[in-house]
Amino acid sequence: MSTEQEKVMKHEEEYSASNIQVLEGLEAVRKRPAMYIGDIGEKGLHHLVYEVVDNSIDEALAGYCNDIYVTINEDNSISVKDNGRGIPTDWHEKEGKSALEVVLTVLHAGGKFDKGSYKVSGGLHGVGVSCVNALSTLLVAEIHRGGKIYKQTYSKGAPMSKVEIVGDCDDRGTTITFKPDAEIFTLTQEYKYEILANRLRELAFLNKGIHLTLTDKRVKDEEGNPLSDHFYSEYGLSEFVEYLDATRGQKIIENIIYLDTEEGGVPVEVAMQYNDSYSENVHSYVNNINTIEGGTHLTGFRHALTRTLKKYAEDSGMLAKLKFDISGDDFREGLTAVISVKVAEPQFEGQTKTKLGNDEVAGAVNRAMSAALGHYLEENPKDAKAIVQKVILAAQARHAARNAREAVQRKTVLSGAGLPGKLADCTSRDRSIAEIFFVEGDSAGGTAKQGRDRNFQAIMPLRGKILNVEKAQEHRMWENEEIKNMFTALGVSIGTAEDSKALNLEKLRYDKIIIMTDADVDGSHIATLMLTFFFRKMKALIENGHIYIATPPLYLVKKGKQERYCWTDKERDDISAEFGSKGIHIQRYKGLGEMNAQQLWDTTMNPDTRILRQVTVENAAEADRIFSMLMGDEVPPRREFIEKNAHYANIDA
Ligand code: 0RA
């Protein structure tokens, strides 16, 4: 046998051996998709797109690409196109297949061939495009490279063809098109434009200089043009902060404080701004991943902020007459900030693996931030004074709030006494099955009390509009009856010796907290006020999946003895057609109060038949912005949002 022949045979052997391994790897992804992409619902479905886009972002961060197109095709497949170098298509000796095939079939292969490059992106699960391939009925890779167009097709992770040359070109880049497998994504296969738009906008802010274009071919205007948005940021996080802050109170400093540097090998970018609101809006990212649990980068930022401002305040004598201490929180009231670091080997910890553990990053962010902030304060004494004054006000308010809070919590949680009089509690004390309904109005509350299963369902009627916590100082919250009652009923408390904003869920009395309001404008306003309260003051309840919205039906369609509830106009029309138009009666439910106890149970409260919408926060920065806008002072953006979303004040941003 000639050496040439031997070589070929060896290739074939290696090829089939490695293929078996690959198929086992990808089979594991198909068997347990949630382990690789989080879940198989809407989140996981969208995660596939992020996984592919991340590869293009990496190529951009390596300096070879500045233009990325994401397209939702008519059939709900996705195309991601970039103008990078193109995934190499040449034979990969060690793996016994083309480099392209390695990238698309070997778990975690991503940037393996490009040792020198600095791969920092990579989704939360960081599993790579091979997972997307495994979970798609069809994946097509088209590579423009070296004057040729290469193409390869896969199904459920297995190649359907070799890499083929299908034409010539004079550009470079990669296009990946994939169609998620409906056998895996059984709940939904429909992409949501808003969800992808929010993530691409975020990516544009986090990676300045990259053009990201989203196009939805399923939606066309009168002229036949598809829906499309272009996201691009020249100034990175400063623009991000500006965007987040546009609807939130008045700025109290002239400029956005911004730094973009590298410290101890760690790229650090920070932007911050103070406004006259009472909330803290600090968002942190590592390798473009939102670290909702924080970590060392956030610790470094907080230390630098507190120490630098405190030193400035002390040196300038502004704290001389102060009769109380200032705590870390006080430096962050009214602060909007984004911190983004790129870490070569990130250690993610915590429940949701979104807490950075790398110790060296704390020092890096601390040093970079201290230097930049110190410099800003020296250069801008007017702003420096305004910030210190805001901090002093915050400290004063915190003291007032602490007294009010402690009075409430002493009376209730600590002594265990006195659930609110209006609460109709359930009999079971098993928190894992217990539910509480917060119901709009006493009359609907009465119906719900009659209709419920008292074994595990508690009812708490709320009268009128609850306090808008977005615009109120904390002590006012503790003086508000409805809010006090909500705290007491839930059994949670706020504030520890170390952290005045920490939420203690140990004594939470219910697994499901269900907001039940009328399906009208007032009802959705009240639901939004309640969501604002949970989002700003009890965020952990949302993060841990405890908050739900009940959805009462909009219509009852009747004909003779037949009755059907409908939740949408389309359902109403379909069922009317099914029943035939003669002798049909359609009742429109305007409020919960129009239903009797049995109807309310059947449609809205019975776990077997009801529709509950779980409140989730997909994108914390965007949710923050929306709450400030909906509940803040500025009317025009609020009106615009409500008009755009007239159907539903849906906050799962
Ligand atoms: C490895 C090496 C090289 C490029 C890529 C990966 C690459 C991957 C993706 C995924 C989506 N878009 C991409 N663009 C590039 C380049 C090796 C070279 O040309 O020297």
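Thresholds applied
By convention here, each chain's residues receive numbers from 1 onward along its written sequence. Selection of residues for local features in this predicted model requires a pLDDT of at least 70, selection of side-chain atom pairs for listing and counting requires 80 or more, and totals for whole chains, interfaces and linings are taken over all residues. Hydrogen atoms and water are omitted, and side-chain values are computed over all heavy atoms in the structure. Here a strand is any run of E in DSSP of at least two residues, a helix any run of H or I of at least four, and the numbering for each starts at the N terminus. It is over C-alpha atoms that the radius of gyration is taken, and the globule rule equals 2.2 Å times the number of residues to the power 0.38. For the area figures, the Shrake-Rupley method with a 1.4 Å probe applies, and any residue is considered shielded solely by the protein chains shown. Positive residues here are Lys and Arg, negative ones are Asp and Glu, while His and the chain termini are left out of the count. Note that the charge is assigned to NZ on lysines, CZ on arginines, CG on aspartates and CD on glutamates. Only the stretch in contact is used when fitting a helix axis, every axis being a line fitted to C-alpha atoms; angles between N-to-C directions are given from 0 to 180 degrees. Oblique is the label for every angle not falling under 35 degrees (roughly parallel), over 145 degrees (roughly antiparallel), or within 65 to 115 degrees (roughly perpendicular). By definition in these notes, contact holds between two residues if any of their heavy atoms fall within 4.5 Å. Only Asp, Glu, Lys and Arg are considered charged, only Ala, Val, Leu, Ile, Met, Phe, Trp, Tyr, Cys and Pro nonpolar, and every remaining residue, Gly among them, polar. For two strands to pair, DSSP has to find at least two bridges joining them. Nearness is defined per residue: one heavy atom within 4 Å of the molecule or strand is enough. Note on scores: pLDDT gives the predictor's confidence for each residue, bounded by 0 and 100. Whether two aromatic rings pair depends on their centres lying within 6.5 Å, for rings of Phe, Tyr and Trp, where Trp uses its six-membered ring; planes under 30 degrees apart make the pair stacked, over 60 edge-to-face, and the rest tilted. Exposure categories follow from relative accessible area, calculated using a 1.4 Å probe and restricted to protein chains: below 20% of the type maximum is buried, above 50% is exposed, and the middle band is partly exposed. Criterion for a charge above a ring: Arg CZ or Lys NZ at most 6 Å from the ring centre, at most 35 degrees from the ring normal. Any carboxyl oxygen of Asp or Glu that lies within 4 Å of a side-chain nitrogen of Lys or Arg is treated as forming a salt bridge with it. Polar contacts, as counted here, are pairs of nitrogen or oxygen atoms within 3.5 Å of one another; within protein the pair requires one atom able to donate a hydrogen and one able to accept it, and residues that are adjacent in sequence qualify only if both atoms are side-chain atoms. Helix span, expected: 1.5 Å multiplied by one less than the number of residues in the helix. As used in this record, nonpolar core signifies buried Ala, Val, Leu, Ile, Met, Phe, Trp, Tyr and Cys residues forming a set joined through side-chain atoms within 4.5 Å.

Asks: Help me understand the overall build of the chain, please; the structure alone is not making it clear to me.
Replies: Looking only at helices and strands, one finds 19 helices and 28 strands in the chain. Against the compact-globule benchmark of 26 Å for 653 residues, the chain has a radius of gyration of 28 Å, which places it among compact chains. Counting only C-alpha atoms and orienting by the principal axes, one finds that the chain spans roughly 90 × 85 × 50 Å. Carbon and sulfur atoms make up 49% of the accessible area of the chain, which amounts to about 30,200 Å² in all. Charge separation in the chain, taken as the distance between the mean sites of 81 positive and 99 negative side-chain charges, equals 6 Å.

Asks: It is not clear to me how the packing of helix H6 (residues 193-206) against helix H7 (residues 237-245) should be interpreted in this structure. Could you clarify?
Replies: Geometrically, a packed helix pair is captured by the angle between its two axes and the distance between the axes. Following both chains from N to C, one finds H6 and H7 inclined at 135°, their axes separated by 7 Å at the closest point. When the axis of H6 is compared with that of H7, the two are oblique. Contact residues: Arg201, Glu202, Phe205 and Leu206 in H6; Leu237, Glu239, Phe240 and Tyr243 in H7. The class makeup of the residues in the contact of H6 with H7 is five nonpolar, no polar and three charged.

Asks: Please clarify how the sheet that holds strand E26 (residues 562-566) should be interpreted in this entry.
Replies: Taken in spatial order, the three strands of this open sheet run E26-E25-E27, and their pairing is antiparallel. The outermost strands of the open sheet, each flanked by one partner alone, are E26 and strand E27 (585-588). Taken pair by pair, the neighbouring strands of this sheet meet at an average axis angle of 20°, ignoring direction. Taken together, the four bridges between strand E25 (residues 555-559) and E27 define a ladder with antiparallel strand orientation. Bridge pairing links Leu556 to Gln587 in E27. Across the sheet, helix H16 (residues 569-579) is in contact with E25, E26 and E27; its angle to E26 comes to roughly 160°.

Asks: Explanation requested: the site of the ligand in the structure shown.
Replies: Asn55, Ser56, Glu59, Asp82, Arg85, Gly86, Ile87, Pro88, Arg145 and Thr174 make up every residue found near the ligand. Protein coverage of the free-state accessible area of the ligand, which is 460 Å², stands at 83%.

Asks: What is the right way to read the confidence of the model for the chain from this model?
Replies: Atom-level detail of predicted coordinates should not be read off regions where pLDDT is low. In this model, the chain carries an average pLDDT of 89, and 91% of its residues clear a pLDDT of 70 or more. Scored below 50 in pLDDT, residues 647-653 shows 20 contacts in the model against residues more than four places distant or in partner chains.

Asks: What is the right way to read the sheet that holds strand E14 (residues 281-286) from this model?
Replies: The mixed open sheet is built from five strands, whose spatial order is E12-E13-E16-E14-E15. In the strand order of this sheet, the two ends are held by strand E12 (257-263) and strand E15 (289-290), each with one partner. Two strands pair when backbone bridges link them, and E14 and E15 are joined in this way by two bridges, in the antiparallel orientation. Bridged to Val286 within E15 is Ile289. Contacting E12, strand E13 (266-274), E14 and strand E16 (335-341), H7 runs over the sheet at an angle of about 145° to E16.

Asks: Help me understand the packing of aromatic side chains, please; the structure alone is not making it clear to me.
Replies: Aromatic ring pairs: the centre-centre distance and the angle between the two ring planes describe each pair. Applying the stated criterion across every chain yields a total of nine aromatic pairs. Aromatic pair Trp478 and Phe487: ring centres 4.6 Å apart, planes at 35°, arrangement tilted. On the accessibility criterion, Trp478 (2% relative accessible area) is buried. Geometrically, the ring pair formed by Phe535 and Phe627 is stacked, given 4.6 Å between the ring centres and 25° between the ring planes. Highlighted residues: Phe535 in helix H14 (residues 521-537) and Phe627 in helix H18 (residues 620-631), separated in sequence by 92 residues. The rings of Phe438, Trp478, Phe487, Phe533 and Phe534 are connected pair by pair, giving a single aromatic cluster. Across from the ring centre of Tyr50, 5.8 Å away, lies the NZ or CZ of Arg199, which sits over that ring.

Asks: Whenever I open this one, the pairing of strand E10 (residues 211-220) confuses me. Can you help?
Replies: For a regular strand, the rule is simple: side chains alternate between the two faces of the sheet. Looking at chain direction, strand E1 (residues 67-72) and E10 are connected through six bridges and run parallel. Considered in E10, the bridge of Tyr69 is made with Thr213. Two strands pair when backbone bridges link them, and E10 and strand E11 (residues 226-231) are joined in this way by six bridges, in the antiparallel orientation. Following the sheet pairing, Thr215 is matched in E11 by Ser228.

Asks: Could you clarify how one ought to interpret the pattern of salt bridges in this entry?
Replies: If the charged atoms of two oppositely charged side chains come close together, the side chains can form a pair. Per the stated rule, a full pass over the model turns up 35 salt bridges. For Arg610, the salt bridge identified is with Glu435, shortest N-O distance 2.8 Å. Pair noted here: Arg610 is in the loop between helix H17 (597-605) and strand E28 (612-614) and Glu435 is in strand E19 (residues 435-440), with a separation of 175 residues, a long-range link. By the burial criterion, Arg610 is buried, and Glu435 matches it. Measuring nitrogen to oxygen at the nearest pair gives 3.5 Å for the salt bridge that ties Glu578 to Arg564. Here the residue Glu578 occupies a position in helix H16, and Arg564 occupies one in strand E26, the gap between them amounting to 14 residues. For Glu578, a relative accessible area of 54% corresponds to the exposed category. Overall, the relative accessible area of 33% leaves Arg564 in the partly exposed class. Linked by salt bridges that have partners in common, Arg30, Lys156, Asp181 and Glu183 make up one network.

Asks: Explain the side chain of Asn207 here, please?
Replies: By the secondary structure assignment, Asn207 is in the loop between H6 and E10. Asn207 sits in the buried class, given a relative accessible area of 3%. A polar side-chain atom of Asn207 sits 3.3 Å from a polar atom in the side chain of Asn288. Residues within four places of Asn207 in sequence aside, it is in contact with Ile57, Leu61, Asn288 and Lys342.

Asks: Where do I start with helix H9 (residues 359-379) in this structure?
Replies: With 21 residues, H9 should cover 30 Å at 1.5 Å per step; its first-to-last C-alpha distance of 31 Å lies within 8% of that length. Looking at H9, one finds that the buried residues are Val361, Ala364, Val365, Asn366, Ala368, Met369, Ser370, Leu373, Tyr376 and Leu377.

Asks: How should I be thinking about the nonpolar core in this particular structure?
Replies: A general feature of soluble globular proteins is that nonpolar side chains tend to end up buried together. Ranked by size, the top nonpolar core spans 48 residues in total, and within it Val49, Val70, Ile78, Phe178, Tyr191 and Leu212 carry the most contacts. Broken down by element, this core gets its largest block of residues, eight residues, from helix H3 (residues 42-61). With residues near it in sequence (within four places) discarded, Ile78 still touches Val49, Val70, Thr71, Ile72, Asn73, Ile176, Thr177, Phe178, Tyr191 and Leu196. In this structure, Val408, Val469, Ile549 and Ala623 belong to the second largest nonpolar core, which totals 47 residues.

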